[in-house]
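# A closer look at the structure
Listed here are the chains, written in short residue letters.
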Amino acid sequence: MISVDEALAQLFALAQPLGTEEVPLREAAGRVLREDAVARRDQPPFAGSAMDGYALIAEEAVVGASFEVIGESAAGHRFDGTVSAGQAVRIFTGAPIPDGATRVVLQEDVTREGDRITLGERLDTGPHIRAAGIDFRAGDRLTAPRLLRPADVALLAAMNAPRLTVSRRPEVALISTGDELVLPGEDPGPDQIIASNTFGLEALFRAHGATVRLLPLARDSRASLEATFALASGADLVVTIGGASVGDHDLVGRVAADLGMEQSFYKVAMRPGKPLMAGRMGAEMGGAMMIGLPGNPVSAMVCGHVFVAPVLRALQGLPPAPAPLARAPLLEDLPANGPRAHYMRALLSPEGLRPAGSQDSSLLSLLSEAGALIMRPPEAPAARAGEILPYLPL
Ligand SMILES: Nc1nc2c(c(=O)[nH]1)N[C@H]1C(S)=C(S)[C@@H](COP(=O)(O)OP(=O)(O)OC[C@H]3O[C@@H](n4cnc5c(N)ncnc54)[C@H](O)[C@@H]3O)O[C@H]1N2
Ligand code: MOO
């Protein structure tokens, strides 16, 4: 059995970054930028007003001073003349500052009669001018690789970058195994259950940028598994669920080996998720990376968060890194941990982390309620309420 860190290192060794494609800006959120985006212009491209008011010469802005309003500068429509002594230009937020003006006085701080304004008692210090290029300059870069968030998309739009080079989406072939499984909406027999983590994992993979080829449910026979594996051909990553343990009907490892899978590891010192396996499929399967998840629903989902999500990020060209952990206070004492890393389902509230009463790896209701997996390293000593513990947000 290897440690979680070793398993991740071996997975990252298998996960070589995929190729790239160009997408329009509107489809860039959630994708990984693979080539630097370069600003085509300064932002703002001119010195602009930060307020609605009057542009004038800063030295003349004293309480009681009076000015002649000689024109208007609005966003998109600059004032073409020059502001001289005793003059002001009506100006609006985002409008270019007219030549000669060095300050904007808020409209709340003046009284206006016809074409004249007089500055009132509560003048602030201004100048309410945004210099050209304070946000970014032509030639500035948003550097790759980078997972593009909505704020990045706004920045890229401002940089006038209408198309971006991003990673191709990894295609995951998802195989669920088991004679007991039926699909949601079907009529299960008395000994059957609904394939569940299949759909949780599909959602998780898609949230991490993948497209998912959802393959038909494979039965617990060599023939069915082989036929289903064949349908995975050409995918970047083959993920199986179930059939990973030591039972007579747990055939995934054996069938994958017969299909030329070169195994990197089997079994990780963690719970849930111990019977995890990974490797690379044979040439006839395109040499795709393979991850075999344990079937217990919580185990499969936990392994999805701890291993598959980081792999999907690495495939898209982000630096290999474990799932990011957060920290929060523990609300109840915890006993010492055993030799395997323990990912404990816990309720996350503003006060902190309350471990779920049962840690049975079949309980999806508890996983759904939990906002966090408390990360207990192997042999962690007992933890007291109030201690700050690392957790994986769900
Ligand atoms: N003698 C031992 N038995 C078991 C061990 C062990 O070390 N020695 N490990 C246990 C652990 S830990 C786990 S985890 C499970 C993993 O077993 P498999 O990967 O072989 O999974 P299955 O046996 O196929 O299924 C387990 C459980 O999960 C349900 N399942 C499977 N796929 C789905 C799905 N897509 N959606 C919903 N539920 C699914 C399945 O019906 C079973 O109830 O092995 C332990 N046993
Ligand atoms: O590791 Mo199993 O994944 O404990 O239920």
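About the thresholds
- Per-chain numbering applies: the sequence of each chain, read as written, is numbered from 1 onward.
- For this description, chains carry letters from A and ligands carry numbers from 1, given in the order in which they are written.
- Where totals are concerned, whole chains, interfaces and linings use all residues; where local detail is concerned, this predicted model gives features only for residues with pLDDT of at least 70, and gives and counts side-chain atom pairs only at 80 or more.
- Here a strand is any run of E in DSSP of at least two residues, a helix any run of H or I of at least four, and the numbering for each starts at the N terminus.
- Restricting the calculation to C-alpha atoms gives the radius of gyration, and the globule rule supplies 2.2 Å times the number of residues raised to the power 0.38.
- Using C-beta atoms placed from the backbone, we call a residue buried if 20 or more other C-beta atoms fall within 10 Å of its own, exposed if 12 or fewer do, and partly exposed for counts in between.
- By the convention adopted here, residues make contact when the C-beta atoms placed from their backbones lie within 7 Å.
- For each domain, the first and last residues come from an automatic or database assignment.
- Nearness between a residue and a molecule or strand is assessed with a C-beta atom placed from the backbone; a distance within 6 Å qualifies.
- Under the scheme applied here, ten amino acids are nonpolar (Ala, Val, Leu, Ile, Met, Phe, Trp, Tyr, Cys and Pro), four are charged (Asp, Glu, Lys and Arg), and all others, including Gly, are polar.
- Pairing between two strands is assigned when DSSP locates at least 2 bridges connecting them.
- Here, axes are lines fitted to C-alpha atoms. For helices the fit covers the stretch in contact, and angles between N-to-C directions go from 0 to 180 degrees.

## What to know about the overall build of the protein
Looking only at helices and strands, one finds seven helices and 28 strands in the protein. Its C-alpha radius of gyration of 30 Å places the protein more than 25% over the 21 Å reference for a compact globule of 394 residues. C-alpha atoms of the protein, sized along the principal axes, occupy 95 × 50 × 40 Å. Counting over 394 residues, the protein shows a buried share of 39%. Looking at the protein alone, contacts between residues at least 24 apart form 70% of all its contacts between residues at least 6 apart.

## With respect to the domain arrangement of the protein
We note that the domain assignment places domain 1 (4–17 + 168–315), domain 2 (23–41 + 143–166), domain 3 (48–130) and domain 4 (326–393) within the protein. Put simply, the middle of domain 1 and the middle of domain 3, counted by C-alpha atoms, are 66 Å apart.

## Quick word on the site of ligand 1
In the vicinity of ligand 1 lie 26 residues, with Gly 242, Ala 244, Ser 245, Pro 294 and Gly 295 positioned nearest. At the level of elements, α3 (197–207) and α6 (297–315) are the ones that each hand at least two residues to the shell around ligand 1. Among the residues making up the shell around ligand 1, the classes are represented as 10 nonpolar, 13 polar and three charged.

## Quick notes on the sheet that holds strand β5 (residues 53–56)
Strand order across the open sheet formed by six strands is β8-β5-β7-β6-β10-β9, with mixed pairing between neighbours. The sheet terminates laterally at β8 (103–106) and β9 (110–113), the two strands that pair on one side only. Each adjacent strand pair in this sheet contributes to an overall mean axis angle of 40°, direction not counted. When β5 meets strand β7 (residues 87–91), the two strands line up antiparallel, connected through three bridges. Across the sheet, residue Ala 55 finds its bridge partner in β7, namely Val 89.

## Structural notes on the environment of Arg 313
Within the fold, Arg 313 resides in helix α6. Put simply, Arg 313 and Glu 186 are 127 residues apart on the chain and 34 Å apart in space, counted from C-alpha to C-alpha.

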